[in-house]
Amino acid sequence: MSTNRTFTMIKPDAVANGHIGAIINDITQAGFKIIALKYTKLTSETAGKFYEVHAERPFYKDLVSFMSLGPIVAAILERENAIEEFRKLIGATNPAEAAEGTIRKKYAKSIEANAVHGSDSDENAQIEGDFFFAENERF
Ligand code: ATP
Ligand code: MG
């Protein structure tokens, strides 16, 4: 398992608002290499499974329904210190609190519809990447 990898999703709000290209550009400009990439859609079942860790949180039901509203882009990314550097690039969970120039500041509308997901640990990056990608889809 590599400690230099993270997993991301471009969420349904950012896809619907036409930000796929700009967000991928920001990600690659920040020095991340794309290891795997997929345009797909979560069902309420798969979104529920992906966010199972948040099952007890009050926003879980809304989050699952929001994440299955429309297509998403999933990706595995590689860079030195990937988890921390990617979370810096995307900014705070609530875009209103995200630093200037971050992806969430630029493209997100609300704490729920916050444009992108970023893994919070090496262990979760591995689990989340495995959720979407087979070995022969990684380069
Ligand atoms: P992500 O895991 O998507 O990268 P995060 O790690 O910044 O986001 P988490 O605490 O893991 O934040 O929450 C997961 C997702 O749940 C958030 O990205 C957001 O879409 C949603 N969320 C978090 N807190 C709230 C809230 N208070 N109200 C509504 N939705 C929320
Ligand atoms: Mg999280």
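Refer to the structure presented above.
Residues numbered from 1 in each chain as written. Chains lettered and ligands numbered in written order. Predicted model: local features only at pLDDT ≥ 70, side-chain atom pairs only at ≥ 80, totals over all residues. Heavy atoms only, no water.

1. Thoughts on empty space enclosed by the protein
So, point 1. The full count for this structure, using the stated rule, is one cavity of 30 Å³ or more.
So, point 2. Within this model, the largest cavity holds a volume of roughly 50 Å³.
So, point 3. Lining the largest cavity, in full, are T8, I10, I24, I27, I34, L37, V73, A74, A75 and L77.
So, point 4. Counting residues per element, the ones that place at least two in the lining of the largest cavity are β1 (5–10), α2 (20–29), β2 (33–40) and β3 (72–78).
So, point 5. Sort the elements by how many residues they give to the lining of the largest cavity and β3 lands first, with four residues.
So, point 6. Among the residues forming the lining of the largest cavity, the class breakdown is nine nonpolar, one polar and no charged. (1 Å grid on protein atoms, 1.4 Å probe; cavity = no way out; pocket = protein on both sides within 12 Å on 5 of 7 lines; lining within 4 Å. Points joined across faces, edges and corners; volume = space filled by probe spheres on them. Helix = DSSP H or I, 4+ residues; strand = E, 2+ residues; numbered from the N terminus. Nonpolar A, V, L, I, M, F, W, Y, C, P; charged D, E, K, R; others polar.)

2. Considerations on the site of ligand 1
So, point 1. Around ligand 1 there are 14 residues in total, and K11, T93, E112, N114 and G118 lie nearest to it.
So, point 2. Within the contact set of ligand 1, an oxygen atom lies 2.9 Å away from a side-chain nitrogen or oxygen of K11.
So, point 3. H54 places a polar side-chain atom, nitrogen or oxygen, 3.1 Å from an oxygen atom of ligand 1.
So, point 4. Here ligand 1, which alone exposes 580 Å², has 82% of that area covered by the protein.
So, point 5. Counting atoms within 2 Å of the grid points, the majority share of ligand 1 lands in the largest pocket.
So, point 6. Class assignment of the residues belonging to the shell around ligand 1 gives a composition of four nonpolar, five polar and five charged. (Near = heavy atom within 4 Å. Polar contact = N/O pair within 3.5 Å; in protein donor to acceptor, adjacent residues only side chain to side chain. Areas by Shrake-Rupley, 256 points an atom, 1.4 Å probe, with all protein chains shown as cover. Sits in = over half its atoms within 2 Å of the grid points.)

3. Some points on the pairing of β3
So, point 1. Counting buried positions along β3 yields six of seven residues, so the element is predominantly enclosed.
So, point 2. Strand direction decides the pairing type here: β1 and β3, joined by six bridges, are antiparallel. Across the sheet, the residue bridging to M9 is A74, located in β3.
So, point 3. The pairing of β2 with β3 spans seven bridges and is antiparallel. Counted as the bridge partner of Y39 is V73 from β3. (Buried < 20%, exposed > 50% of the residue type's maximum accessible area, 1.4 Å probe, protein only. Pairing = 2+ DSSP bridges.)

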